[in-house]
Amino acid sequence: MGRGDLTNAGVYDLRHTCLTTWLNKGIPPAQVAEWAGNSVPVLLAIYARCIAGQLNDYLKLLEEDEDLQPAAA
């Protein structure tokens, strides 16, 4: 199946694509789980390995948070 070719896609293939896309776009897992009719633990057990490319964004958020900076000595 090529990109854009949905003729052989099953319902669960489309569901997987949708949920993975939402998670990769940064939609909170709690919201995606609600839309999917799953609990957050079930959602993350299945889809956590599909979330990609957000590590640098998370590290930047941590670096910008003054509350997480080491205390001055």
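Residues numbered from 1 in each chain as written. Predicted model: local features only at pLDDT ≥ 70, side-chain atom pairs only at ≥ 80, totals over all residues. Heavy atoms only, no water.

Got a minute to help me understand the overall build of the protein chain in this structure?
In terms of regular secondary structure, the protein chain is built from four helices and zero strands. Ordering the α and β elements of the protein chain from the N terminus gives α-α-α-α. By residue count, 15% of the 73 residues in the protein chain fall in the buried class. A separation of at least 24 residues holds for 40% of the contacts in the protein chain among residues at least 6 apart in sequence. (Helix = DSSP H or I, 4+ residues; strand = E, 2+ residues; numbered from the N terminus. Buried < 20%, exposed > 50% of the residue type's maximum accessible area, 1.4 Å probe, protein only. Contact = heavy atoms within 4.5 Å.)

In this structure, what is going on with the nonpolar core? I would like to understand it.
The nonpolar side chains of soluble globular proteins are, as a tendency, buried together. Of all hydrophobic cores here, the largest spans eight residues; its members are Leu19, Leu23, Val32, Ala33, Ala36, Leu43, Tyr47 and Cys50. Among the elements of the structure, helix 1 (11-24), helix 2 (29-36) and helix 3 (40-47) are those that each provide at least two residues to this core. Per element, the largest residue contribution to this core is three residues, and it comes from helix 2. Residue contacts for alanine 33: discarding those within four places in its chain leaves Asn38, Ser39, Val40 and Leu43. (Core = buried A, V, L, I, M, F, W, Y, C linked by side-chain atoms within 4.5 Å.)

Explain the packing of helix 2 against helix 3 to me, please; I cannot follow it from the model alone.
Orientation of helix 2 relative to helix 3, taken along the N-to-C sense of each, is 100°, at an axis distance of 9 Å. By the angle between their axes, helix 2 is roughly perpendicular relative to helix 3. Where helix 2 approaches helix 3, its residues Pro29, Ala30, Val32 and Ala33 are matched on the opposing element by Val40, Leu43 and Leu44. Grouping the constituent residues of the contact of helix 2 with helix 3 by class yields seven nonpolar, no polar and no charged. (Axes fitted to C-alpha atoms, helices over the stretch in contact; angles between N-to-C directions. Parallel < 35°, antiparallel > 145°, perpendicular 65-115°, else oblique. Nonpolar A, V, L, I, M, F, W, Y, C, P; charged D, E, K, R; others polar.)

Where do I start with the confidence of the model for the protein chain in this structure?
Here the protein chain averages 82 in pLDDT, and 82% of its residues register 70 or above. When mean pLDDT is compared element by element in the protein chain, helix 2 scores highest at 96, while helix 4 (residues 55-64) scores lowest at 79. (pLDDT = per-residue confidence, 0-100.)

Sorry, what's going on with a nonpolar patch on the surface here?
On the surface, Leu55, Leu59 and Leu62 cluster together to form a nonpolar patch covering roughly 290 Å² of accessible area. Assignment of secondary structure puts leucine 62 in helix 4. (Patch = residues over 30% accessible without salt bridge, like charges linked within 9 Å, V, L, I, M, F, W, Y side chains within 5 Å. Areas by Shrake-Rupley, 256 points an atom, 1.4 Å probe, with all protein chains shown as cover. Salt bridge = Lys/Arg side-chain N within 4 Å of Asp/Glu carboxyl O.)

Hey, could you run me through the side chain of threonine 20 in this one?
Secondary-structure assignment places threonine 20 in helix 1. Overall, threonine 20 belongs to the buried group, its relative accessible area being 14%. At 2.7 Å, the side chain of threonine 20 and the backbone oxygen of histidine 16 are in polar contact. Not counting chain neighbours up to four residues away, the residues in contact with threonine 20 comprise Tyr47 and Cys50. (Polar contact = N/O pair within 3.5 Å; in protein donor to acceptor, adjacent residues only side chain to side chain.)

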